[in-house]
Amino acid sequence: MKKWYKLIGAVAATALLLPLSACGGSRGATNSSSSSDEVTVGISMPEQMLERWKLDGENLKEQLEGYGYKVTLQYADGKTDLQTSQIQNMANNGTKYVVVASIDGTATGAAVEQAKSNGATVIAYDRLIMNTDAVDYYATFSLTDVGRMQGEYIEKKLGLKDGAKGPFNVELMAGSPTDNNARYYFEGAWKVLEPYFKSGVLQSKSGKVPGSLDEWQSIGIDNWDRQKAQNEMENRINSFYNDGTKLDAVLAQNDAEAMGTVNAVEGAGWNYFPVITGQDAEKANVQAIVQGKQSMTVYKDTRELAKATAKMIKDLVDGKKPEAKDTFNNGNKDVPSQLLTPVSVDKDNVKEILVDGGYISAADAGL
C-alpha cells in the first residue's frame, strides 16, 4: 500500500508540475518575441508648422498603430530644449523604440543616449543624429540626389548643358546650419553648379557663394524658416537687383525657402519669376508651381518613409534584421540606413506624380 500511495503521489506531483512548466515556456516565448500590446514607440517630430512634419508624424503613427503598437507622437515646436525634454520623458517611461526627426542633429545626442541607456532602440527619421553611438538605424531619402535634382533643373532651364554662356545671375540658399541633411542637399546641387560658377557662366550679384562645400553654412537659412528666407531674398533684391538687373535663378533648398523667395519677388513687383527650386511638395508650393511662380520641387513621398520606418520597427520586434543596405557616418559610427528615392516635380508632371499618385487632390494642387 505504501508503494501504491507513493506512486499516486509522484504522478500527482508530476501532473502539477506540467502546467507550470508549460506556462513558464509560454511566458518565455512571449518575452523573446514581444507581443504587440507590449511594444511602445515614441515619435519626436521637430514641429508641425511645416506641413510635411505634421503629415510625417500622422503617417508614421498610423502605420505603427496598424501593427498594434502603442504610440506616443509629440511635436517640439522648433525648440531644441523641448525636443530634448520630450525624448528624455520617453526614455524615463521605458519606451522601447524612439523615432526622432531632430531639430538640431548634434544637440539631440544626449537625449537619445539616455533613451538608449534605458534599453530603447533609436531610429533617426529623415535627419541623422550626430556624434553619438546611440543611433541604431536611419531612414531617409537619398539626400545628395535631392540637391542634384535641384541643380540639374537650373542647369536645364538656363540651357547650360546646351552651351548657353550667360552670364546668368543665380542666388544660392542652403538649409539650416543645424540640420546635418542640409550639407548633403547643398553638396548634390553644388556638384552640378560649381563648375559653371568657376567658369563664369553663373554669377551671383550678392557675392554669396561659398568658397568650398565646407562653407555651405555661410548661406544657410536658420531652421529652414520661410520668413528668414524671404527677408534674405528681399535684402538681396533691394541691394543688387533693383536697377533692372535680371535674376535668372534661385537655388532654394526646400519649399519654405522657395515660398519666401516667391513672396520677395512678388513684393519687388517684377513681371517675371526666376527659376526657383524647392523640396517637400507642400500644398501652397504645388499651387505656386501650377501658377508658374515656383519652378519645381523635389517630392519625397513621406507616406513611403513612414512605411519604411514602421517596417524597420516591426522587423526588430519580430527578431528580423531591418532593411538598411546603406550607411551614413554620424561622426561616431556608420549608421545602418535605408534610402528612398526622391522625384523631381514641375508643372509638366505635377498631375501625374502628385495628383494621380494620391498624394494631393486636384483641388489642393490648384488644377
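To start, this report covers the structure provided alongside it. (Residues numbered from 1 in each chain as written. Predicted model: local features only at pLDDT ≥ 70, side-chain atom pairs only at ≥ 80, totals over all residues. Heavy atoms only, no water.)

### Looking at the overall build of the chain
Okay, step 1: Helix and strand content of the chain: twelve helices and 13 strands.
Okay, step 2: By sequence separation, contacts in the chain at least 24 residues apart represent 71% of the contacts at least 6 residues apart.
Okay, step 3: Roughly 16700 Å² of accessible area belongs to the chain as shown, and the carbon and sulfur atoms make up 48% of that amount. (Helix = DSSP H or I, 4+ residues; strand = E, 2+ residues; numbered from the N terminus. Contact = heavy atoms within 4.5 Å. Areas by Shrake-Rupley, 256 points an atom, 1.4 Å probe, with all protein chains shown as cover.)

### Some remarks on helix α2 (residues 51–66)
Okay, step 1: Across its 16 residues, α2 extends 23 Å between first and last C-alpha, which sits within 8% of the 22 Å expected from 1.5 Å per residue.
Okay, step 2: Taken together, the buried positions of α2 are occupied by R52, W53, D56, G57, N59, L60 and L64.
Okay, step 3: Contact partners of the buried residues in α2: β1 (40–45), β2 (70–75), β3 (97–100), β4 (121–125) and α10 (302–317).
Okay, step 4: Backbone geometry just after α2 places G68 at a positive phi near 90 degrees. (Expected span 1.5 Å × (residues − 1). Buried < 20%, exposed > 50% of the residue type's maximum accessible area, 1.4 Å probe, protein only.)

### Regarding the sheet that holds strand β6 (residues 168–172)
Hydrogen bonds along the backbone pair up the strands of a sheet, which may run parallel or antiparallel.
Okay, step 1: A sheet is described by the order of its strands in space; here four strands give the open sequence β7-β6-β8-β9, paired in parallel fashion. The open sheet has two edge strands, β7 (202–203) and β9 (275–276), and neither has a second partner.
Okay, step 2: As paired strands, β6 and β7 are joined by two bridges and run parallel to one another. Residue N169 lies in a different strand from β7, and its bridge partner there is Q203. (Pairing = 2+ DSSP bridges.)

### Focus: the environment of A124
Okay, step 1: Relative to the helices and strands, A124 resides in strand β4.
Okay, step 2: Given the relative accessible area of 0%, A124 is considered buried.
Okay, step 3: Sequence separation between A124 and V112 is twelve residues; the distance between their C-alpha atoms is 9.7 Å.
Okay, step 4: Those residues in contact with A124 that lie beyond four places of it in its chain are V100, I129, V135, Y137, Y138 and A139.

### Some words on the packing of helix α7 (residues 226–240) against helix α8 (residues 255–268)
The packing of two helices is summarised by the inter-axis angle and the distance between the axes.
Okay, step 1: Viewed as axis vectors pointing N to C, α7 and α8 meet at an angle of 40 degrees, and their least axial separation amounts to 7 Å. Relative to α8, α7 is oriented oblique. Where α7 crosses over α8, the handedness of that crossing is right-handed. On α8, the residues that touch R226, A229, Q230, M233, E234 and I237 of α7 are A256, E257, M259, G260, T261, N263, A264, V265 and A268.
Okay, step 2: Residues belonging to the contact of α7 with α8 are distributed by class as follows: eight nonpolar, four polar and three charged. (Axes fitted to C-alpha atoms, helices over the stretch in contact; angles between N-to-C directions. Parallel < 35°, antiparallel > 145°, perpendicular 65-115°, else oblique. Left-handed = near helix turned anticlockwise from the far one by under 90°. Nonpolar A, V, L, I, M, F, W, Y, C, P; charged D, E, K, R; others polar.)

### Quick look at the pairing of β6
Okay, step 1: The buried count for β6 comes to five of five residues, which makes it a mostly enclosed element.
Okay, step 2: Going residue by residue along β6, you find F168, V170 and L172 tucked away on one face and N169 and E171 tucked away on the opposite face as well.
Okay, step 3: Sheet analysis places β6 next to strand β8 (residues 249–251), joined by three bridges and oriented parallel. By the bridge assignment for β8, L172 is matched with L251.

### A short note on the side chain of K300
Okay, step 1: Looking at the secondary structure, you find K300 in the loop between β10 (296–299) and α10.
Okay, step 2: Assessed through its relative accessible area of 2%, K300 is described here as buried.
Okay, step 3: Polar contacts involving the side chain of K300 include one to the side chain of Y185, which spans 3.3 Å.
Okay, step 4: Among residues more than four places away in sequence, those in contact with K300 are R52, D126, F141, V146, Y185, Q279, D280 and P342. (Polar contact = N/O pair within 3.5 Å; in protein donor to acceptor, adjacent residues only side chain to side chain.)

### Brief notes about the sheet that holds β1
Okay, step 1: Pairing is mixed in the open sheet, where seven strands are placed in the order β2-β1-β3-β4-β5-β12-β11. Because the sheet does not close on itself, it has two edges, and the strands there are β2 and β11 (326–329). Here the strands of the sheet are splayed against their neighbours by 25 degrees on average, with no regard to which way each runs.
Okay, step 2: Examined bridge by bridge, β1 and β2 share six bridges and lie parallel to one another. Following the sheet pairing, I43 is matched in β2 by L73.
Okay, step 3: Docked against the sheet, α10 engages β1, β3, β4, β5 (137–141) and β12 (334–340), running at close to 160 degrees with respect to β5.

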